[in-house]
Amino acid sequence: MINGLKRAAALGAATVALAAGGVVGTVGTASAAPQDHRPSAGSHHCERVAGHWARQWRPAFRDRHHHWHPGQWIRVWHPAHQECHHSPRR
């Protein structure tokens, strides 16, 4: 029982050390990258899209009990989001 607890403690400490090293490595890499990734103002257009219901076709399928379910239209909720359209650079 004692050996199991020691092993679990050592494994937990090693996991924390690896995770901390991964976070530090990621932060160092991210800060070395250029900070401004935005294209020029004329090359993109963003608009806010309200949430809405959309129709989506669910194709026919056979379930794991070999019961056949025909295809049907279902309604799917698309939450509010922002759509950005980038025009190609010339």
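For the structure, check the block above.
Now for a quick tour of the structure. (Residues numbered from 1 in each chain as written. Predicted model: local features only at pLDDT ≥ 70, side-chain atom pairs only at ≥ 80, totals over all residues. Heavy atoms only, no water.)

Bringing the packing of aromatic side chains into the picture now. Two aromatic rings, taken as a pair, are described by how far apart their centres are and by the angle between their planes. The tally for this structure, following the rule as stated, stands at two aromatic pairs. Considering the side-chain rings of Trp57 and Trp73, the 5.4 Å spacing of their centres and the 70 degrees angle between planes classify their relative orientation as edge-to-face. Taken together, the positions of Trp57 in strand β2 (residues 52-58) and Trp73 in strand β5 (residues 72-78) put the pair 16 residues apart, joining distant regions of the chain. Above the face of the Trp73 ring, Arg55 is positioned so that its terminal group lies 4.5 Å from the ring centre. Taking NZ or CZ as reference, Arg75 lies 4.8 Å from the ring centre of Trp53, over its face. (Phe/Tyr/Trp six-rings, centres within 6.5 Å; stacked < 30°, edge-to-face > 60°. Helix = DSSP H or I, 4+ residues; strand = E, 2+ residues; numbered from the N terminus. Lys NZ or Arg CZ within 6 Å of the ring centre and 35° of its normal.)

Before going further, it helps to examine the environment of Pro70. Relative to the assigned elements, Pro70 resides in the loop between β4 (68-69) and β5. By relative accessible area, Pro70 is classed as exposed at 56%. Between the C-alpha atoms of Pro70 and Pro59, which are eleven residues apart in sequence, the distance is 7.2 Å. (Buried < 20%, exposed > 50% of the residue type's maximum accessible area, 1.4 Å probe, protein only.)

Most peptide bonds take the trans form, and the phi angle of most residues other than glycine is negative. Not every positive phi belongs to a glycine, and His66 is a case in point at roughly 65 degrees. In this fold, His66 is placed in the loop between β3 (61-62) and β4.

Read these as spatial facts, not as claims about activity.
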